[in-house]
Amino acid sequence: MASTATELKTEPTGQSHPDGSVAVAVDNLHVRFGSGASTVTALKGVSVDIAEGALVTMIGPSGCGKSTLLRAIADLAPASEGDIKVHGGSPRHARESRDFAFVFQDATLLPWRNAIDNVKLPLEVGGQGSNHADPEELLTLVGLKGREKALPDELSGGMRQRVAIARALVTRPRILLMDEPFGALDEITRDKLNEELLRIWTETGTTIMFVTHSIPEAAFLGQKVLVLAANPGTVKEYMPVDLPFPRNLAMRDTLEFIEITARLRKLLEEC
């Protein structure tokens, strides 16, 4: 693949893979921590398929295992029972192949490195190889052209998260795992980044799993919303979002959107 951001795209705009292939298959997953009387079951019997090229959002009460599920998929939390397949292989193989990238709530940029050097960091740590994106093109993709030399403390919170997204994409991951990446931002900045994320997803075709506590954010971004119940974490519902792409913020004022968020709220209230 050529190393330009405009050539990162792998799927048709706003669509899952046309042949229905599965990026992540989770089958009867149990994750437990501790032992004996102190054992805590974080996830119990979770089964879900994430289509190649899909954008799936995940909501649920605090402590329901949303982050644990992401970590298990990325081979960062061991499964106690059940099975996870990533592109047909093990999470360990996918991690070693750098199929994953994480974006967290905190951008975790190195304060002494400017934006372009922060984006380059995974290439320096893990080796560049032949299949990586151009960092400068990625900063253009996330809307930061001209800010390549800016240090993190010279950027707003939203800009720092844009750098974090560019950094995550630099190794061309097939799956982007996002754990409340916009949770600490003000509402206006969050709205802008929601639109930006949809644009980036459209242009790259990357499979995205996105954790949020915001019901409107989950409905606006997701092709499907995975709702987890708590104590222990189980699948409450895996709900399709019947809204067309491309999406814009004006959609949130429509009756269809309001009905979707009301249904999601009801599901959460039942968890």
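Here the structure is a predicted model, which is why all the values come from computation and not from measurement.

Give a description of unusual backbone geometry that names residues and reports values.
Of note, the amide linkage connecting Asn-231 to Pro-232 takes the cis form, showing an omega dihedral of -5 degrees. Looking at the secondary structure, you find Pro-232 in the loop between strand S8 (224-229) and strand S9 (234-240). Here the bond from Phe-245 into Pro-246 is cis, since omega is 0 degrees, no more than 30 degrees from zero. Along the polypeptide, Pro-246 turns up in the loop between S9 and helix H8 (255-269). A positive phi is found at Arg-98, a non-glycine position, where the angle reads about 60 degrees. Mapped onto the elements, Arg-98 comes out in the loop between helix H2 (91-96) and strand S5 (100-103). On the accessibility criterion, Arg-98 (28% relative accessible area) is partly exposed. The backbone of Glu-180 sits at a positive phi, close to 50 degrees, despite the residue not being glycine. Counting through the fold element by element, Glu-180 comes out in the loop between strand S6 (175-179) and helix H6 (187-204).

Tell me what's going on with the nonpolar core, and back it up with residues and numbers.
Core analysis: the largest hydrophobic core is formed by 50 residues, its most contacted members being Leu-139 and Leu-264. Residue contributions to this core peak at six residues, all from helix H5 (residues 157-169). Not counting residues within four places of it along the chain, the set of residues in contact with Leu-139 comprises Ala-115, Ile-116, Val-119, Leu-144, Lys-145, Glu-148, Val-163 and Ala-166. By size, the runner-up hydrophobic cluster in this structure holds 29 residues, among which are Val-26, Leu-69, Phe-100 and Met-209.

Describe in detail the sheet that holds S9, supporting the description with residues and values.
Strand order in this open sheet of six strands is S5-S6-S7-S3-S8-S9, and the pairing throughout is mixed. Two strands bound the open sheet, and with one partner strand each, they are S5 and S9. Strand-to-strand twist of the sheet, defined as the mean angle between neighbouring strand axes without regard to direction, takes the value 20 degrees. The pairing of strand S3 (residues 55-59) with S8 spans four bridges and is classified as parallel. Residue pairing for S8: Met-58 is matched across the bridge by Leu-226.

Report on the packing of aromatic side chains, specifying residues and quantitative values.
Taken as a whole, this structure holds three aromatic pairs when the rule is applied. A centroid spacing of 5.7 Å and a plane angle of 55 degrees characterise the contact between Phe-182 and Phe-210, whose relative ring orientation is tilted. Of this pair, Phe-182 sits in the loop between S6 and H6 while Phe-210 sits in strand S7 (residues 207-211), placing them 28 residues apart in sequence. There is no split in this pair, since Phe-182 and Phe-210 are both buried.

Talk me through the pairing of strand S1 (residues 22-33); I want residue IDs and the actual numbers.
The sheet contact formed by S1 and strand S2 (residues 40-51) spans eight bridges and is antiparallel. Note on S2: the bridge partner recorded for Ala-25 is Asp-49. The turn joining S1 and S2, which pair antiparallel and follow one another in sequence, is formed by six residues; a positive phi near 85 degrees is taken by Gly-34. Relative to strand S4 (residues 81-86), S1 runs antiparallel, the two being bridged by five bridges. The residue bridging Ala-25 from the neighbouring strand is Lys-85, located in S4.

Run through H5, naming residues and quoting values.
Because each turn of an α-helix spans 3.6 residues, side chains separated by three or four positions in sequence point in the same direction. The terminal C-alpha atoms of H5 lie 19 Å apart, and with 13 residues this matches the ideal 18 Å at 1.5 Å per residue to within 8%. Of all 13 residues in H5, 10 are buried, a share of seventy percent or more. All buried positions along H5 are accounted for by Gly-158, Gln-161, Arg-162, Val-163, Ala-164, Ile-165, Ala-166, Arg-167, Ala-168 and Leu-169.

Could you give an account of the packing of H5 against H6, naming the residues involved and the relevant values?
The packing of two helices is summarised by the inter-axis angle and the distance between the axes. Remark: H5 packs on H6, axes separated minimally by 11 Å, with the N-to-C direction vectors making an angle of 20 degrees. As judged from the angle between their axes, H5 and H6 are roughly parallel. Remark: the crossing between H5 and H6 carries right-handed chirality. Contacts from Gly-158, Gln-161, Arg-162, Ile-165 and Leu-169 of H5 reach H6 at Thr-189, Leu-193, Glu-196 and Ile-200. Of the residues that constitute the contact of H5 with H6, the class distribution is four nonpolar, three polar and two charged.

Describe the sheet that holds S2, with residues and values.
Read across the open sheet, the three strands follow the order S2-S1-S4; overall the sheet is antiparallel. Every other strand in the sheet has two partners, leaving S2 and S4 as the edge strands with one partner each. The mean angle between the axes of side-by-side strands here comes to 15 degrees, regardless of whether they run parallel or antiparallel. Strands S1, S2 and S4 of the sheet are contacted by helix H1 (residues 66-73), whose axis makes an angle of about 115 degrees with S1.

Cut-offs applied
Residue numbers restart at each chain and count upward from 1, following the sequence in its written direction. Only residues with pLDDT of at least 70 are given local features in this predicted model, and only at 80 or more are side-chain atom pairs given and counted; all residues enter the totals for whole chains, interfaces and linings. Water and hydrogen atoms were dropped before computing side-chain values, which therefore reflect all heavy atoms in the structure. Helix and strand assignments follow DSSP, with helices taken as H or I runs no shorter than four residues and strands as E runs no shorter than two, numbered in order from the N terminus. Each residue is placed in one exposure class: buried if its accessible area under a 1.4 Å probe, protein chains only, is under 20% of its type's maximum, exposed if it is over 50%, and partly exposed if it falls in between. Remark: nonpolar core denotes a set of buried residues (Ala, Val, Leu, Ile, Met, Phe, Trp, Tyr, Cys) joined through side-chain atoms within 4.5 Å. Between two residues, a contact is recorded if the distance between any of their heavy atoms is within 4.5 Å. Two strands qualify as a pair provided that DSSP identifies no fewer than 2 bridges between them. Only the stretch in contact is used when a helix axis is fitted, and all axes are lines through C-alpha atoms; the angle between N-to-C directions ranges over 0 to 180 degrees. Planes of paired rings set the category: under 30 degrees apart is stacked, over 60 is edge-to-face and the rest tilted, where pairs are Phe, Tyr or Trp rings (Trp by its six-membered ring) whose centres lie within 6.5 Å. Given the number of residues in a helix, its expected span is that number minus one, multiplied by 1.5 Å. For this classification, under 35 degrees means roughly parallel, over 145 means roughly antiparallel, 65 to 115 means roughly perpendicular, and everything else is oblique. Crossings are sorted by hand: turned counterclockwise from the far helix by less than a right angle, the near helix makes the crossing left-handed, and turned clockwise it makes it right-handed. Note that Gly is not counted as nonpolar here; it falls among the polar residues with everything else outside the nonpolar set of Ala, Val, Leu, Ile, Met, Phe, Trp, Tyr, Cys and Pro and the charged set of Asp, Glu, Lys and Arg.

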